[in-house]
Every structure is written in C-alpha cells, then in structure tokens.
Amino acid sequence: MSRPLDDRDLQILTVLSREGRITKAELARRINLSATPAWERMKRLEAEGYIEGYRAEVALARIAPHVTVFVTVELDNHRAETFRSFEQAIARHEEIQAAWAIGGGYDYLLKVVSRDIDSYQRLIDALLAERIGLRRYFTYVVTKDVKTASAPPFEALIEAADPET
C-alpha cells in the first residue's frame, strides 16, 4: 500500500518529470537531501506506481518533416462493443500517438503525427474502411508549437484535493 506523498516526494516527481535523465547526485542536490535517501525515495515512487516510465523528448523536426494533427471523433453509437472496436483499431496505428475518451460533443480526441497531410488522410481513410463505428471526424492541424507540457502542477493538484486547504 502506498503512503501519502510528502513535499520531498513532490519535489522528486517535479524534477524527474522535467529531466528524467538526471544523476542520483544531482537529484539529491536539487531536493536538498543526501544521495542514498533521495535514490531510495525515487525507487519507492517507482515501485508504488507514481513513476510510470522515462522517455526522451526527441527533436522530431531534425529527423524528418512531419505534421501534427488533433482529431475529434464521433462514433455511430455508444455501445460498449463500438468503443472497444474503435480503441482496438486505433491501437494498431503508430501514427496515432495519443488518444483520449472525452465527454461533451465528441467521443475521442486523437493526436496524430504523420509525414504529411496526404499520409494523415490515408490513415483516416484506412480507419473509415475498417468500419469501426467512426461517424464523423474533425481535423485540426497544428501550425505552431506555442506551449508544450512540462511538469504537471503537482502541488496545485494536491491542494485542490485536500479539503483542509
């Protein structure tokens, strides 16, 4: 069973979410703790599932031209088998980098990274051909990165969840 997070745990999560590839000594220095206790805390956070993994931020534009597209999707109906079929189908396409089931007027929000608009359209055509219950979709092409994710606002989230604050 995991215990509640304290301020040091939140500091570790903040540092690691910004810089996953940091030395034990540098992590300890940043949170003002000696190396062994800092490392033990980090390992506990991993074991308890607070840290799900580490990844590099890749400068994709240096590797190949690409386009990022957000897609809102509306399904034909709201039966469990339709949701399951759609989710299984999109899992097979690596260009679909992220997908969220959402409330409101649409059923899903997808993030697609493709070589170009033609490649993106071929992906959509393939999804439509699979007859997975996709009724309508709306395409939003990213024209400029304005702000990308950094560390989540851990302290603000915890304060909002704590009825004593």
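Scroll up to find the structure.
Residues numbered from 1 in each chain as written. Predicted model: local features only at pLDDT ≥ 70, side-chain atom pairs only at ≥ 80, totals over all residues. Heavy atoms only, no water.

Engineer: For this particular structure, what's the right way to read the nonpolar core?
Structural biologist: Nonpolar side chains tend to gather and get buried jointly when the protein is soluble and globular. Grouped together as the largest cluster of nonpolar side chains are 18 residues, with contacts concentrated most on Val71, Val73, Phe86, Ile96, Leu110, Val112 and Leu127. If you list the elements that add at least two residues to this core, you get strand 1 (67-75), helix 5 (80-91), strand 3 (108-114) and helix 6 (117-129). Looking at this core, the element that brings in the most residues is strand 1, giving five residues. Leave out the neighbours within four places in its chain, and leucine 110 touches Val69, Phe70, Val71, Val73, Phe86, Ile90, Ile96, Ala98 and Ala99. Counting residues in hydrophobic clusters, the runner-up holds 14 residues, among them Leu10, Leu27, Ala38 and Met42. (Core = buried A, V, L, I, M, F, W, Y, C linked by side-chain atoms within 4.5 Å. Buried < 20%, exposed > 50% of the residue type's maximum accessible area, 1.4 Å probe, protein only. Helix = DSSP H or I, 4+ residues; strand = E, 2+ residues; numbered from the N terminus. Contact = heavy atoms within 4.5 Å.)

Engineer: I'm lost on the layout of surface pockets in this one. Help?
Structural biologist: Rolling a probe over the atoms, with the probe sized like a water molecule, indicates the empty space that remains. Reported here for the largest pocket is a volume of approximately 2100 Å³. Residue lining of the largest pocket: 47 residues in total, with Arg55, Ala56, Glu57, Lys111 and Ala149 positioned closest to the centre. At the level of secondary structure, the elements contributing two or more residues to the lining of the largest pocket comprise helix 1 (7-18), helix 4 (60-63), strand 1, strand 2 (96-101), strand 3 and helix 6. Examining the composition of the lining of the largest pocket, we find that four residues originate from one element, helix 1, more than from any other. Residue composition of the lining of the largest pocket, by class: 24 nonpolar, 10 polar and 13 charged. (1 Å grid on protein atoms, 1.4 Å probe; cavity = no way out; pocket = protein on both sides within 12 Å on 5 of 7 lines; lining within 4 Å. Points joined across faces, edges and corners; volume = space filled by probe spheres on them. Nonpolar A, V, L, I, M, F, W, Y, C, P; charged D, E, K, R; others polar.)

Engineer: Explanation requested: unusual backbone geometry in the structure shown.
Structural biologist: Leaving glycine aside, a negative phi is the common case for residues, and trans is the common case for peptide bonds. Even without being a glycine, asparagine 32 presents a positive backbone phi close to 60°. In this fold, asparagine 32 is placed in the loop between helix 2 (24-31) and helix 3 (35-47). You will see that arginine 131, though not glycine, has its phi angle at about 50°, which is positive. Within the secondary structure layout, arginine 131 lies in the loop between helix 6 and strand 4 (134-141). A relative accessible area of 75% means that arginine 131 is categorised as exposed.

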